[in-house]
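Chains, contacts and geometry: an overview
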Amino acid sequence: RAAPSGLAAFGPDDAMAAAECGLGLLQHDARPQRAHVAHTDPMAVPSSMRAAVKRSGGAVSVADVGTPVLRSGQALVKVAGSSVNPIDWKLSVPGVGGRDFAGAVAQIEGPCSVSIGEEVWGDAPSGAWAEYLAVDCSIVSKKPAGLSMAEAGAMPHVSLTALQALTMAGAPWSSAPTVVILGGSGGVGHVAIQLATDLGAGRVIATT
């Protein structure tokens, strides 16, 4: 299935996986937690990193900032892919921007559901426009092997948003309803079309 320009091409299974990688926003993460503390060699992670920082007034600039220090229950992800969503510039809160991320786990602090070296993705509250991201283990999932880092880094936020909207509309459905999706060619919309079909819609009508 062709994707709109600038968006990754993927199927319903990938969209569902992206939506479900969120994760603690919809339901408690019930995956087993590994009850050990693990670290990489401290020399492998630098004390500073490059990041895209939002300033007061909305300007964004690249700067050297400190690498995040983990709290218990967090993973440090070496970011390989991210994206820019409308919420990133509509919420002009100063600090390192970005929500979507894909990368490899570099460090773990405390019980965590992922392992060092594992390729992961997720939708963070902020901080993904950086070389490293500290994120709660509850909102990190294993990245599908069939997606590149760039593709995986563009999907979590729009997929989770689409899933939340469809869930509010009663999905999954057993009655095969007709589902109307506004803005079907947009980031959330093109995921919502595929998710709606996968969640039981009998017919999907979309505007562009």
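Residues numbered from 1 in each chain as written. Predicted model: local features only at pLDDT ≥ 70, side-chain atom pairs only at ≥ 80, totals over all residues. Heavy atoms only, no water.

**Looking at the sheet that holds strand β2 (residues 60–66)**
The 3 strands are arranged β2-β1-β4 in an open sheet whose pairing can be described as antiparallel. Where the open sheet ends on each side, the last strands, each with one partner, are β2 and β4 (95–96). As judged from the 2 bridges shared by strand β1 (residues 48–54) and β4, these two strands associate in the antiparallel manner. Bridge pairing in β4 links Val53 to Val96. (Pairing = 2+ DSSP bridges. Helix = DSSP H or I, 4+ residues; strand = E, 2+ residues; numbered from the N terminus.)

**Here's the deal with the sheet that holds strand β3 (residues 74–81)**
Hydrogen bonds along the backbone pair up the strands of a sheet, which may run parallel or antiparallel. Strand order in the open sheet made by the 5 strands is β7-β3-β5-β6-β8, with antiparallel pairing throughout. Of all strands in the sheet, those bounded by a partner on one side alone are β7 (132–136) and β8 (140–142). Strand-to-strand twist of the sheet, defined as the mean angle between neighbouring strand axes without regard to direction, takes the value 45°. Pairing between β3 and strand β5 (residues 100–109): 7 bridges, direction antiparallel. Within β5, the position partnered with Leu76 by the bridge is Gln107. The sheet contacts of helix α4 (residues 156–168) involve β5 and β6 (119–123), and relative to β6 the element is tilted by about 50°. (Axes fitted to C-alpha atoms, helices over the stretch in contact; angles between N-to-C directions. Contact = heavy atoms within 4.5 Å.)

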